[in-house]
Amino acid sequence: ITLMMRIPLLAFVMVLSVPYYACGLDVHAGLTQDYTISATTTLIPTSGAPYLNASYTTGVSWVSDQCLPQGYLTREDANILLNLCAKASCSSSNRTDDPQLAVLTDGNLQTGTTVHASGGSARITINIQPSVVEKVGFRITGQAAPVLVQLQPSGSSSLVTVVTVTSSSDYQFDTLPTNDSHTQFQAVVLSSTADFALSEVTAMREPCYEAIYIDLGQPKQIGWYKLKLSGGTSSRLYILASNDTFSSGTNQGLVAVGPIDAGWLDTAPIQFSSVTARYVSLKIVQDTAWVRVSASSLHLWDANGIYGLPYPADRANPHSLSDLLGINTVWGWMGTLIGDLAGPALYSPVMKRVRLYHNLDWDITSPSCPINYTAMSEGMGTPGQPGWLNWDTMYAEMYEKGMEAVDASIQFLNNNGTKVTQFSQVNWKNPYQDAYNYGHSFASHFGPSNKNLIKSAEVGNEAWDYDADFWVQVEEGMLQGFHDGDPTMLRLTGAFQADTPDVPPNGDNIFWNGKYIGYRVSDQALSLVDNLNVHAYSWATINATLRGVGPEHPLSSMKAVRNMLRWRDGNQPSGGKGRGVWLTEWGWDGASQCWDSRCVSLLSQAAFAVRGLLWGAREGVDAMTWYFFADLSLSPGLFGASGIITYPANMTYPVFRYKPVYWALHNQVGLLGTFHHVAALVESEVAYVYLLQNGMPCIPSLMLVLLFS
């Protein structure tokens, strides 16, 4: 059966057929092996000092010195003339064995000597092993005539002039390009017709760079890295690896795995051709003066990378595709966009579950503010929105228009950008009790045993900018309040990740810092939780650009779901019902004209959605809520084109159009909605073959789904 408006790469074939628990909380249960936090790892930088904090599993942090204009002078790896004059490699018009010549290559600009003229020529020659010379540096502190800075090609008596230094250049230290990256030279020569005073001479065989050399202790297979890097627009990153002993300060014995453009500040995990190596060098070319290289959160993994095995152990999923699929929305479904057609009626043919961002500041004006939902039901509104707000009406309409379950994401932030809000950390005087009071009032009114309007609720959405120890108090209080208000209402954590503990538990409240579940969910909170909560989008860094990719892509960040599943498996209760994992945000931006590199075409969005739902069912998640219900911008950035409906730019509200992704999911649920994942029969670069089983009578019990790569 050809499916979804002839969307490429999708086909369905129907065939008939007969019918780990951990003690205590393991905060890092979701992680794969990260070599940079091993106790046997040794770090040697070209400059600066590396910082390794294994207790927080942050990997390596490092800030270099400034290679240019003068930082390279004392670096043997960068300055190929360093100390050569102390090793009898220099001669001058004074005499060959002049002991004062040693100061000319000692890396110290405060020392120097005078090169005296003999027979009308003052000359200093520094002999080197034949080498390319990228730059020449010098400091002339006095001269009576112009000084020529020249290079002698290997095997030749001729000289190539780099620059003629006039008296106006006295006392300056200059590093100048030779503009010749191919010729092998055997000497650096400075000469004049009169005496000249010289402080230092330097030379570089390659552009200035910084590097950190990592000794892993023993040979290990490496194939993935992640790095936050800054250091100017000219930075380029090379990964070098060796299985033999090498000398720090040189690249001898290192095999290049890169180069990789590194003009970005925060990369997604990146895969390279795996190598077995004990020694790894991350080399950042930085040929700009006064710039330091700053690298943090450096991680190295084996060939399976940050997410683990490319095809983890298969598990049957008890949930049908229809039960898995949900949609994210906001108050009123943006009624001004869809006009008289009520939002739930548009979406209930595709999904039966809805997740709504329930803003805390719409209910209460401060953490300690009480809420009377009975008064709200009687038309009095809430303290946050007095006189008009009635959540009952909107939630009830969702069920009337075909929805079967509503998940409320109680949304609040420490800071709205840089703006302090009424729910900023400083405004919570009694975090546990205030959160408990709200949670209890909410569940007592909306829960399944009461108004039966909310089936599940989350503590926060992406409340990542609170300190961890503070957040745990709010989380424990609200979860306990939910439980005591209505124990039948399912309870979820906020949305976290389990793959990268990049930030210590209490950071500086910069947004995005607090995503790691190991620091954000306590034993007490976990005991009150029915389901863990994760957001995962399918992006990958390709040619230094973060792009939208299919869910099966080896680099897809959607695979972070696997880390959360591992964390769940490592922290299941010893008895009773196990916890689920809800993927409460996933999806792709799709548009005919994209404004963001992570956006894909309309047909790709549709194809990825169908494949993504099948992939999530195979991975073993318990819910998948698409983000977003509609495109909300005529010129979208990220997430602006993530909806399954849109509206044309040349028409006014409330006109809208269904996108191909809407019909793709609509038809997928229509054909396969009652089926659940049984097994992955084939997973390869050639094809993905899933076996699904039907949960309804009078329909063939098994279906084979083939997705051709």
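Rules and cut-offs
- Residues numbered from 1 in each chain as written.
- Predicted model: local features only at pLDDT ≥ 70, side-chain atom pairs only at ≥ 80, totals over all residues.
- Heavy atoms only, no water.
- Buried < 20%, exposed > 50% of the residue type's maximum accessible area, 1.4 Å probe, protein only.
- Helix = DSSP H or I, 4+ residues; strand = E, 2+ residues; numbered from the N terminus.
- Contact = heavy atoms within 4.5 Å.
- Pairing = 2+ DSSP bridges.
- Axes fitted to C-alpha atoms, helices over the stretch in contact; angles between N-to-C directions.
- Salt bridge = Lys/Arg side-chain N within 4 Å of Asp/Glu carboxyl O.
- Disulfide = S-S within 2.5 Å.
- Expected span 1.5 Å × (residues − 1).
- Parallel < 35°, antiparallel > 145°, perpendicular 65-115°, else oblique.
- Left-handed = near helix turned anticlockwise from the far one by under 90°.
- Nonpolar A, V, L, I, M, F, W, Y, C, P; charged D, E, K, R; others polar.
- Core = buried A, V, L, I, M, F, W, Y, C linked by side-chain atoms within 4.5 Å.

### Comments concerning helix α12 (residues 560-570)
At step 1: Extensive coverage of α12 is indicated by the burial of ten of its eleven residues.
At step 2: Along α12, the positions that sit buried rather than exposed are Ala560, Val561, Arg562, Asn563, Met564, Leu565, Trp567, Arg568, Asp569 and Gly570.
At step 3: Where α12 is buried, its residues touch α10 (517-520), α11 (523-527), β27 (531-535), β30 (580-586) and α13 (602-619).

### Let's talk about the sheet that holds strand β12 (residues 185-192)
At step 1: Overall, antiparallel pairing links the five strands, which are arranged β5-β7-β12-β9-β10 in an open sheet. Looking along the sheet, the strands with just one partner apiece sit at the ends: β5 (90-92) and β10 (160-165). Across this sheet, the average inter-strand angle for adjacent strands is 15°, counted without regard to direction.
At step 2: One ladder, built from five bridges, connects strand β9 (residues 147-153) with β10; its direction is antiparallel. Within β10, the position partnered with valine 147 by the bridge is valine 165.

### What to know about the pattern of salt bridges
At step 1: Applying the stated criterion across every chain, the model contains 20 salt bridges.
At step 2: Note that arginine 315 is salt-bridged to aspartate 569, the shortest N-O span being 3.6 Å. Of the two residues, arginine 315 sits in the loop between β19 (292-301) and α2 (321-324) while aspartate 569 sits in helix α12, which places them 254 residues apart along the sequence.
At step 3: Aspartate 569 gets classed as buried once you look at its relative accessible area, which sits at 19%.
At step 4: One salt bridge in this structure joins lysine 451 and aspartate 392, with 3.7 Å as the shortest N-O distance. Pair noted here: lysine 451 is in the loop between α8 (431-446) and β25 (456-459) and aspartate 392 is in helix α7 (residues 391-400), with a separation of 59 residues, a long-range link.
At step 5: Salt bridges sharing common partners tie together Asp314, Arg562, Arg618, Glu619 and Glu683.

### Digging into the state of the cysteines
At step 1: Counting across every chain of the model gives three disulfides.
At step 2: Note on cysteine connectivity: cysteine 67 is disulfide-linked to cysteine 208, with sulfurs 1.5 Å apart. Between cysteine 67 and cysteine 208 the disulfide shows an S-S torsion of about -75°. By sign, it is left-handed. Remark: cysteine 208 occurs in the loop between β13 (196-204) and β14 (209-230) and cysteine 67 occurs in helix α1 (residues 67-71); sequence separation between them is 141 residues.

### A few points about helix α9 (residues 468-485)
Since one α-helical turn is 3.6 residues long, residues separated by three or four positions face the same way.
At step 1: In this model, α9 (18 residues) spans 25 Å end to end at C-alpha, consistent with the 26 Å of a helix rising 1.5 Å per residue.
At step 2: In terms of burial, α9 is largely enclosed, as 14 of its 18 residues are buried.

### Some thoughts on the side chain of serine 320
At step 1: Take serine 320: it is sitting in the loop between β19 and α2.
At step 2: Taking relative accessible area as the criterion, serine 320 reaches 10% and is therefore assigned buried.

### What about the side chain of threonine 584?
At step 1: Mapped onto the elements of the fold, threonine 584 is located in strand β30.
At step 2: Discounting chain neighbours no more than four positions away, the residues touching threonine 584 are Asn328, Arg355, Glu458, Leu492, Asn533, Val534, His535 and Thr625.

### Brief notes about the packing of α13 against helix α14 (residues 660-672)
The description of two packed helices rests on the angle between their axes and on the distance between the axes.
At step 1: Where α13 meets α14, the axes come as close as 8 Å, and the angle between the chain directions of the two elements is 30°. In terms of orientation, α13 and α14 fall into the roughly parallel class. α13 and α14 meet at a crossing whose hand is right-handed. Along its contact with α13, which presents Leu602, Leu603, Gln605, Ala606, Ala609, Val610, Leu613 and Leu614, the element α14 presents Pro660, Val661, Ala664, Leu665 and Gln668.
At step 2: Residues belonging to the contact of α13 with α14 are distributed by class as follows: eleven nonpolar, two polar and no charged.

### Considering the environment of isoleucine 644
At step 1: Looking at the element boundaries, isoleucine 644 is found in the loop between β31 (623-626) and β32 (645-646).
At step 2: The exposure class assigned to isoleucine 644 is buried, which follows from its relative accessible area of 0%.
At step 3: In this structure the C-alpha to C-alpha distance between isoleucine 644 and tryptophan 663, which are 19 residues apart in sequence, comes to 8.6 Å.
At step 4: Setting aside its immediate chain neighbours within four residues, isoleucine 644 contacts Ile327, Tyr347, Met351, Trp626, Phe628, Phe629, Ala630, Tyr658, Lys659, Val661 and Tyr662.

### Topic: the sheet that holds strand β11 (residues 173-177)
At step 1: Taken in spatial order, the four strands line up as β6-β13-β8-β11 in an open sheet, and their pairing is antiparallel. Two strands lie at the open edges of the sheet, namely β6 (113-115) and β11, each paired on one side alone. Across the sheet, the axes of successive neighbouring strands diverge by a mean angle of 40°, strand direction being ignored.
At step 2: Bridging between strand β8 (residues 135-143) and β11 involves five bridges; their strand directions are antiparallel. Counterpart to lysine 135 in the pairing with β11 is proline 177.

### Observations regarding the nonpolar core
At step 1: By size, the foremost hydrophobic cluster in this structure holds 105 residues, and its most contacted members are Ile327, Tyr347, Tyr395, Phe412, Phe442 and Phe482.
At step 2: It is α13 that contributes the most residues to this core, eight residues altogether.
At step 3: Among all residues touching phenylalanine 442, those that are not within four sequence positions of it are His358, Tyr373, Ala408, Ile410, Gly447, Ile454, Ala457, Phe482 and Met489.
At step 4: The next biggest cluster of nonpolar side chains, apart from the first, holds 28 residues, and it includes Leu84, Val115, Ile140 and Leu190.

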